Amino acid sequence: MFSHVFVGVRDFERALAFYTPLMALLGNAPRFCDRARPWAGWQSEPGPRPLFLIGAPHDGADHAPGNGQMTAFLAASHAQVDEAYRLALAHGGSPEGMPGLRPEYHADYYGAYFRDPEGNKLCVVCHAPKG
């Protein structure tokens, strides 16, 4: 369904330090990093798309996180959701909802919510039963 998702950032180096370990944990390989532009991207397996990208807004204006916008990453297990949440907070993220079941979405929805250091809202979710 998606070609790519682009999330704007003000402080590229801080954002890169946040997203690099998170993407590694989730199994998304680095595709490129161009500090001169600045922007970076990771691809899902088996690739080459969809891509997840971070960078300065194309129009040169300052980035501002949107209200009601969120990017959700798929996790392979409940443990991976837990680890992603821990990792995000350890790298400058802020909590928006601890890991846990959210049966109001569906019986096996296990997710965690947080914001990156730029204020962008993110989710990591596993849709499989705990096993």
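Look a little higher up for the structure.
Residues numbered from 1 in each chain as written. Predicted model: local features only at pLDDT ≥ 70, side-chain atom pairs only at ≥ 80, totals over all residues. Heavy atoms only, no water.

## Side note on the overall build of the chain
- Check the secondary structure of the chain and you find two helices and eight strands.
- In sequence order, the chain lays out its α and β elements as β-α-β-β-β-β-α-β-β-β.
- On C-alpha atoms alone, the chain measures out to a radius of gyration of 14 Å, which is about the 14 Å that the 2.2 N^0.38 rule sets for 131 residues.
- Here the C-alpha coordinates of the chain stretch approximately 45 × 30 × 25 Å along the principal axes.
- Looking at the 131 residues of the chain, the share that counts as buried comes to 40%.
- Summarising the internal contacts of the chain: among those between residues at least 6 apart in sequence, 52% fall at separations of at least 24.
- Only carbon and sulfur atoms are counted for the fraction: they give 56% of the accessible area of the chain, which is about 7,200 Å². (Helix = DSSP H or I, 4+ residues; strand = E, 2+ residues; numbered from the N terminus. Rg over C-alpha atoms; globule rule 2.2 N^0.38 Å. Buried < 20%, exposed > 50% of the residue type's maximum accessible area, 1.4 Å probe, protein only. Contact = heavy atoms within 4.5 Å. Areas by Shrake-Rupley, 256 points an atom, 1.4 Å probe, with all protein chains shown as cover.)

## Topic: the sheet that holds strand β3 (residues 39–43)
- The sheet built from four strands is open, its strands ordered β1-β4-β3-β2 with mixed pairing. Each having just a single partner strand, β1 (4–8) and β2 (29–34) make up the two edges of the open sheet. In this sheet, neighbouring strand axes are inclined to one another by 15° on average, regardless of whether the strands run parallel or antiparallel.
- Inspection of the sheet shows β3 paired to strand β4 (residues 51–55) by five bridges, in the antiparallel sense. Within β4, the position partnered with Q43 by the bridge is L51. (Pairing = 2+ DSSP bridges. Axes fitted to C-alpha atoms, helices over the stretch in contact; angles between N-to-C directions.)

## Quick look at the sheet that holds strand β5 (residues 71–74)
- The four strands lie next to each other as β5-β8-β7-β6, forming an open sheet whose pairing is mixed. On the outer flanks of this sheet lie β5 and β6 (94–101), each paired with one strand and no other. For this sheet, the mean angle separating the axes of adjacent strands, direction not counted, is 15°.
- Both β5 and strand β8 (residues 121–126) contribute to a ladder of four bridges, which runs parallel. Counted as the bridge partner of T71 is L122 from β8.
- Strands β5, β7 (110–115) and β8 of the sheet are contacted by helix α1 (residues 12–25), whose axis makes an angle of about 165° with β7.
- With respect to the sheet, helix α2 (residues 78–90) is in contact with β6, β7 and β8, its orientation differing from that of β7 by roughly 10°.

## Some remarks on the layout of surface pockets
- Considering only enclosed or pocket space, the largest pocket measures out at about 540 Å³ in volume.
- Lining the largest pocket are 22 residues, and of these P50, T71, A72, F73 and L74 lie nearest its centre.
- For the lining of the largest pocket, the elements supplying multiple residues, two or more each, are β3, β4 and β5.
- Examining the composition of the lining of the largest pocket, we find that four residues originate from one element, β5, more than from any other.
- Looking at the lining of the largest pocket, its residues break down into 16 nonpolar, six polar and no charged.
- Computed from the structure, the second largest pocket encloses a volume of approximately 170 Å³.
- Looking at the second largest pocket, it is lined by 15 residues, and the ones nearest its centre are V7, Q69, M70, T71 and N120.
- When contributions to the lining of the second largest pocket are tallied by element, the ones reaching two or more residues are β1 and β8. (1 Å grid on protein atoms, 1.4 Å probe; cavity = no way out; pocket = protein on both sides within 12 Å on 5 of 7 lines; lining within 4 Å. Points joined across faces, edges and corners; volume = space filled by probe spheres on them. Nonpolar A, V, L, I, M, F, W, Y, C, P; charged D, E, K, R; others polar.)

## Some details on the side chain of S44
- Its location among the elements puts S44 in the loop between β3 and β4.
- Under the relative-accessibility criterion, S44 is labelled buried at 19%.
- Discounting chain neighbours no more than four positions away, the residues touching S44 are N28, R49 and P50.

## Here we look at the pairing of β8
- The buried count for β8 comes to five of six residues, which makes it a mostly enclosed element.
- The sheet contact formed by β7 and β8 spans six bridges and is antiparallel. Looking at β8, one finds that Y113 is bridged to C123.
- From the end of β7 to the start of β8, which pair antiparallel, there are five residues, and G119 there has a positive phi angle of about 95°.

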